[in-house]
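# Secondary and tertiary structure notes
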Amino acid sequence: MNLNNFLHRHNKQDKRLGAGSRQINMDITNKCTLACETCERQWRLKRFGGKMPGGTLALKDFVKYFDFFDHFDFCGQVSDPSMHPQFKEMIQLINENNKSCDIHNAASHRPEKWYREIFEECSKSNDMIQWYFGIDGLPKDSHKYRTRQDGEKLYRMMKIATQYIKPTNIKWKYIVFNYNQYDIEECKQMAADLGIVFNLVISRRHPEGLRPNDEFTSTVPMDNTMYYPTGKTKRWNTQWHKK
């Protein structure tokens, strides 16, 4: 079968599926409408002369992974999962086979009708699907890093998602830059008002001119804190997961 070039396998147990479960991070296509400067996609485009290796994963190939993996992390390293032309069908297959997945979405090109259809399918998952929306800062400012993103539209889609998906399975993923470092508390409250989780990401990978103050710059590749609407917090970083 024609496998996608960007697959990352993990033996980490997925708590939604229990002991012995296995997960994989997949780029299910090689396309994205955004041009985020420090994304791996931009580095690969430069390396390969403007052409992105890989392709779109066919459904007949996707189902072959079900024999080996229980959880699918659609966290594109070079793509956005919303670019897959049969993404709804992929979610249907996940539901039909009692699998779980996390969807990381930052591209905003899809119409509201498309989102509602996907969210409706996600609602059938028995809370086995989580959705991360990449909005870095106040929605009106997110495009300052996420080039070509309509952050205000994506924020509206995130609000609509709460009509279909368990709110605590919806994450607002917020990478800190200098233009949004003083909007964290306001956005955290906006997330709490929606009943969703605010995922604050402190990175050390910033484009020139967007580096935040030192207190918002990580000494490891990525430092995550989840702020739940109940007041609970959960923190982890990539250094702790090197085992």
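Residues numbered from 1 in each chain as written. Predicted model: local features only at pLDDT ≥ 70, side-chain atom pairs only at ≥ 80, totals over all residues. Heavy atoms only, no water.

### Here we look at the pairing of strand S4 (residues 100–105)
Extensive coverage of S4 is indicated by the burial of six of its six residues. Side chains Ser100, Asp102 and His104 project from S4 onto one buried face, and the interleaved Cys101, Ile103 and Asn105 project onto a second face that is buried too. Judged from the four bridges that link them, strand S3 (residues 71–74) and S4 form a sheet pairing that is parallel. Counted as the bridge partner of Phe74 is Ile103 from S4. Between the parallel pair S3 and S4, the chain is carried across by helix H3 (residues 87–96), and the sense of this crossover is right-handed. In terms of strand pairing, S4 meets strand S5 (residues 129–134) through five bridges, oriented parallel. Bridging from a neighbouring strand, Ile103 pairs with Trp131 of S5. Each parallel crossover has a hand, and the one from S4 via helix H4 (residues 112–122) to S5 is right-handed. (Buried < 20%, exposed > 50% of the residue type's maximum accessible area, 1.4 Å probe, protein only. Helix = DSSP H or I, 4+ residues; strand = E, 2+ residues; numbered from the N terminus. Pairing = 2+ DSSP bridges. Right-handed = clockwise from strand over helix to strand, strands pointing away.)

### Comments concerning the nonpolar core
A general feature of soluble globular proteins is that nonpolar side chains tend to end up buried together. Counting residues in hydrophobic clusters, the biggest one holds 49 residues, and the most contacted among them are Phe62, Phe72, Phe74, Phe87, Trp131, Phe133 and Trp172. It is helix H5 (residues 151–161) that provides the largest number of residues to this core, a total of six residues. Contacts of Phe62, omitting those with residues within four sequence positions, involve Met26, Leu57, Phe72, Phe74, Met90, Leu93 and Ile94. Ala107, Ile175, Tyr179 and Leu210 belong to the second largest nonpolar core, which has 11 residues in total. (Core = buried A, V, L, I, M, F, W, Y, C linked by side-chain atoms within 4.5 Å. Contact = heavy atoms within 4.5 Å.)

### A closer look at the packing of H3 against H4
Two elements in contact, H3 and H4, have axes separated by 9 Å at closest approach and are oriented at 5 degrees. When the interaxial angle is binned, H3 and H4 end up roughly parallel. For the pair H3 and H4, the contacting residues are Phe87, Lys88, Ile91, Gln92 and Asn95 in the first and Trp114, Glu117, Ile118, Glu121 and Cys122 in the second. For the contact of H3 with H4, the residue count by class is five nonpolar, two polar and three charged. (Axes fitted to C-alpha atoms, helices over the stretch in contact; angles between N-to-C directions. Parallel < 35°, antiparallel > 145°, perpendicular 65-115°, else oblique. Nonpolar A, V, L, I, M, F, W, Y, C, P; charged D, E, K, R; others polar.)

### A closer look at the pairing of S3
Because side chains alternate across S3, one face comprises the buried residues His71 and Asp73, and the other comprises Phe72 and Phe74, equally buried. Where strand S2 (residues 23–26) meets S3, three bridges bridge the pair, whose relative direction is parallel. Bridging from a neighbouring strand, Gln23 pairs with His71 of S3.

### Side note on the packing of H4 against H5
Here H4 crosses H5 at 30 degrees, and the two axes come no closer than 10 Å. The angle between H4 and H5 places the two elements in the roughly parallel class. Relative to H5, H4 is oriented so that their crossing is right-handed. Note on element contacts: H5 touches H4 through Leu154, Met157, Ile160 and Ala161, opposite Glu112, Tyr115, Arg116 and Phe119. Taken together, the residues that form the contact of H4 with H5 break down as six nonpolar, no polar and two charged. (Left-handed = near helix turned anticlockwise from the far one by under 90°.)

### Let's talk about the pattern of salt bridges
As enumerated under the stated definition, the model contains 13 salt bridges in all. In this structure, Arg44 and Glu40 form a salt bridge, with 2.7 Å as the shortest nitrogen-oxygen distance. Of this pair, Arg44 and Glu40 are both found in helix H1 (residues 40–47), four residues apart, which corresponds to roughly one turn of the helix. Residue Glu40 is classed as partly exposed on the basis of its relative accessible area, which comes to 25%. (Salt bridge = Lys/Arg side-chain N within 4 Å of Asp/Glu carboxyl O.)

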